[in-house]
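# Reading the structure
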Amino acid sequence: STRIKAVTIDDQHKPLSSGDFTWKSTFENGKLIDVQIVGDGETPGYGKEAIPVLLGRLKDAGTPVIDTVSGSTITSNAVVEAAKECFARAGVTY
């Protein structure tokens with residue numbers, strides 16, 4: 001089978017605790033090399049502060065199976081579910 005060398009997925013997901021967010025993930029040679037959330041609409045506080053922590057964990061782990069952030073359940077779950085969907089769409093198993 002042909003391996004996907006590089007794929008970038010832009011997608012809109014919902015919900016964070018305060019609204020939708022736009023997700024961008026880039027995979028190369030079957031590995032996550034970048035992930036970003038832009039336009040998150042999250043209000044300041046736990047959810048807003050959790051986003052960079054969660055993205056760092058995703059990048060470090062290279063898998064959507066990561067520890068969530070205590071006190072930010074809705075945001076954590078939204079980020080993990082978005083990551084799982086993007087891994088699947090990129091054809092990357094974990």
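For the structure itself, look to the data block above.
In this report, we go over the structure that sits alongside the text. (Residues numbered from 1 in each chain as written. Predicted model: local features only at pLDDT ≥ 70, side-chain atom pairs only at ≥ 80, totals over all residues. Heavy atoms only, no water.)

### Here's the deal with the overall build of the protein
For the protein, the count of helices and strands is two helices and three strands. The secondary structure elements of the protein, listed N-terminal to C-terminal, are β-β-β-α-α. Nonlocal contacts in the protein, meaning residues at least 24 apart in sequence, comprise 42% of its contacts between residues at least 6 apart. Accessible surface for the protein amounts to roughly 5,400 Å². Of this, 49% is attributable to carbon and sulfur atoms. (Helix = DSSP H or I, 4+ residues; strand = E, 2+ residues; numbered from the N terminus. Contact = heavy atoms within 4.5 Å. Areas by Shrake-Rupley, 256 points an atom, 1.4 Å probe, with all protein chains shown as cover.)

### Focus on the nonpolar core
Core analysis: the biggest nonpolar cluster contains 22 residues, and Trp-23, Phe-27, Ile-37, Leu-55 and Leu-58 have the highest contact counts within it. Of all the secondary structure elements, the ones that give two or more residues to this core are β2 (19–28), β3 (31–38), α1 (46–61) and α2 (73–89). Sorting elements by how many residues they give to this core places α2 first, with seven residues. (Core = buried A, V, L, I, M, F, W, Y, C linked by side-chain atoms within 4.5 Å. Buried < 20%, exposed > 50% of the residue type's maximum accessible area, 1.4 Å probe, protein only.)

Remember, this is a structural readout, not a statement about activity or role.
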